[in-house]
Amino acid sequence: MVTLLGFYGCKSAKVPGGKEKVNTKELKEFVASMQEQEPAFRTFSARLSVDLQTGDKTMGSRVELKLVKDSALQLSVQPFLGIEVFRMELTPDSVKVMDRMNKRYVAEGYTALKEEWPIDFNFYNLQALFVHQLFLPGEQEVEGVHYDQFRLDREGAITRLHARDRMDLRYCFEANSSEQLLSTLITEGNGRYSLLWKYLSLEAQPSVAWLFPLQMQVSFRDEGIRKGGMDIRFSRLQWDKPLNMDFSVPAKYKRITFADIIKMIGGK
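Figured I'd write up the structure that's included with this text. Small disclaimer: the values here were computed from a predicted structure and weren't measured. (Residues numbered from 1 in each chain as written. Predicted model: local features only at pLDDT ≥ 70, side-chain atom pairs only at ≥ 80, totals over all residues. Heavy atoms only, no water.)

### Section: unusual backbone geometry
The general pattern is negative phi for most residues beyond glycine and trans for most peptide bonds.
Thinking step 1. Although it is not a glycine, Glu179 adopts a positive phi angle of roughly 65°.
Thinking step 2. Tracing the backbone shows Glu179 in the loop between strand E9 (170–175) and strand E10 (181–187).
Thinking step 3. In this structure, Ser201 takes a positive phi of about 55° despite not being glycine.
Thinking step 4. Tracing the backbone shows Ser201 in strand E11 (residues 193–204).
Thinking step 5. Here Ser201 falls in the partly exposed class, since its relative accessible area comes to 39%. (Helix = DSSP H or I, 4+ residues; strand = E, 2+ residues; numbered from the N terminus. Buried < 20%, exposed > 50% of the residue type's maximum accessible area, 1.4 Å probe, protein only.)

### Digging into helix H3 (residues 123–130)
Thinking step 1. The buried fraction of H3 amounts to eight of the eight residues, a majority that puts the element mostly inside the structure.
Thinking step 2. Every buried residue of H3 is accounted for by Phe123, Tyr124, Asn125, Leu126, Gln127, Ala128, Leu129 and Phe130.
Thinking step 3. N-capping of H3 is provided by Asn122, with a side-chain oxygen placed 3.1 Å from the backbone N of Tyr124. (Polar contact = N/O pair within 3.5 Å; in protein donor to acceptor, adjacent residues only side chain to side chain.)

### Here's the deal with the pairing of strand E12 (residues 211–222)
Thinking step 1. Of the pairings in the sheet, the one linking E11 to E12 comprises eleven bridges and is antiparallel in character. Paired with Lys198 across the two strands is Gln217, which belongs to E12.
Thinking step 2. Here E11 hands over to E12 after six residues, with Ser207 in that stretch at a positive phi of 70°.
Thinking step 3. Pairing between E12 and strand E13 (residues 225–239): eight bridges, direction antiparallel. (Pairing = 2+ DSSP bridges.)

### Quick notes on the nonpolar core
Thinking step 1. Judged by nonpolar contacts, the single largest core of 56 residues is most densely connected at Phe44, Phe150, Leu161, Trp197, Ile232 and Phe234.
Thinking step 2. The dominant element in this core, judged by the number of residues it contributes, is H3, at six residues.
Thinking step 3. Leaving out residues up to four positions away in the same chain, Ile232 has contacts with Leu48, Ser49, Val50, Trp197, Leu214, Gln215, Met216 and Val218. (Core = buried A, V, L, I, M, F, W, Y, C linked by side-chain atoms within 4.5 Å. Contact = heavy atoms within 4.5 Å.)

### Describing the pattern of salt bridges
Thinking step 1. Inspection of the entire model under this criterion finds 17 salt bridges.
Thinking step 2. Notably, a salt bridge pairs Glu174 with Arg160, separated by 3.1 Å at the nearest N-O pair. Of this pair, Glu174 sits in strand E9 while Arg160 sits in strand E8 (residues 158–164), and the two are 14 residues apart along the sequence.
Thinking step 3. Overall, the relative accessible area of 0% leaves Glu174 in the buried class.
Thinking step 4. Close ionic contact of Arg192 with Asp222 constitutes a salt bridge, the shortest N to O distance being 2.8 Å. With Arg192 in the loop between E10 and E11 and Asp222 in strand E12, this residue pair connects regions lying 30 residues apart in the sequence.
Thinking step 5. Under the relative-accessibility criterion, Arg192 is labelled partly exposed at 33%.
Thinking step 6. Because the salt bridges share partners, they merge into one network encompassing Arg151, Asp153, Glu155, Arg160 and Glu174. (Salt bridge = Lys/Arg side-chain N within 4 Å of Asp/Glu carboxyl O.)

### Here we look at the environment of Phe30
Thinking step 1. Here Phe30 is to be found in helix H1 (residues 27–36).
Thinking step 2. Along the backbone, Phe30 and Thr159 are 129 residues apart, and their C-alpha atoms lie at a distance of 9.1 Å.
Thinking step 3. Apart from residues lying up to four places away in sequence, Phe30 is in contact with Asn23, Lys25, Leu152, Arg154, Thr159, Leu161, Ala175, Asn176 and Glu179.

### Remarks on the packing of aromatic side chains
Geometry of an aromatic ring pair is reported as the spacing of the ring centres plus the angle between the planes.
Thinking step 1. One pass over the full model with this rule turns up 14 aromatic pairs.
Thinking step 2. A ring pair is formed by Phe41 and Trp239, whose centres lie 5.5 Å apart and whose planes are at 65°; its orientation type is edge-to-face. Placement of the pair is Phe41 in the loop between H1 and strand E1 (43–54) and Trp239 in strand E13, with a sequence separation of 198 residues. For the pair formed by Phe41 and Trp239, the shared burial category is buried.
Thinking step 3. Ring plane angle 90° and centroid distance 5.1 Å describe the contact between Phe135 and Phe173, whose orientation is recorded as edge-to-face. Highlighted residues: Phe135 in the loop between H3 and strand E7 (151–155) and Phe173 in strand E9, separated in sequence by 38 residues.
Thinking step 4. Owing to a relative accessible area of 1%, Phe173 belongs among the buried residues under this scheme.
Thinking step 5. In this structure an aromatic cluster arises from ring pairing among Phe41, Phe44, Trp210, Phe212, Phe234 and Trp239.
Thinking step 6. A cation sits over an aromatic face here: Lys69 above Phe41, 5.6 Å from the ring centre. (Phe/Tyr/Trp six-rings, centres within 6.5 Å; stacked < 30°, edge-to-face > 60°. Lys NZ or Arg CZ within 6 Å of the ring centre and 35° of its normal.)

Shown next, in the form of structure tokens:
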């Protein structure tokens with residue numbers, strides 16, 4: 001997944017609110033302060049308005065997100081009047097996709113995928129992108145023993161935390177002087193492909209102690225040229241409410257594999 005992404009380097013995001021005071025905290029204190037502001041929850045759900053861009057085309061859809069922390073992430077794609085077309089569920093060790101239009105589904109573990117793309121990026125890292133959290137590739141959570149795996153640098157009011165994984169994917173997290181995460185950049189080792197995930201419109205949430213970005217912008221680049229991306233707007237956010245995480249597949253649906261999907265895409 002991450003190997004489809006694009007450009008090398010970590011450029012500063014614009015900091016809302018004009019000039020900010022420079023943060024002078026050292027690495028460990030800065031990371032700890034960032035984590036104190038992160039969402040602390042058991043379950044999370046929201047309605048997403050997603051505009052998906054591919055080349056010069058844009059397609060909009062409503063998506064229902066459900067997340068049981070460290071357990072399962074479900075996305076229900078409903079482009080037409082709330083009618084579900086696709087449902088996807090990711091867990092720490094598997095992925096399932098249900099295609100209701102074509103009455104078929106995929107259910108596979110990550111073992112085969114890891115053999116083809118042996119990257120450290122995992123379910124917990126993907127979860128962190130959606131819930132505005134710092135992460136380390138391959139880890140379930142960032143703890144004090146991990147802080148030294150980051151490298152810190154600053155440019156004015158912007159603080160950057162850098163990390164890399166065994167496949168030389170590079171991770172750059174930008175934060176403002178208030179220790180709030182502004183963006184996450186993941187770059188391939190040779191600098192060609194990258195993913196930039198930006199967090200916008202941080203707002204206070206009812207009955208919780210943290211701010212949350214109500215808009216996220218995702219950009220995929222190849223040699224610095226944007227090839228696609230998503231604009232995501234959040235509404236109807238709910239924290240720590242009971243969730244129905246059902247993924248029942250109708251008996252008449254045909255099971256296929258990711259290899260089948262790749263063949264379909266390739267016309268083979």
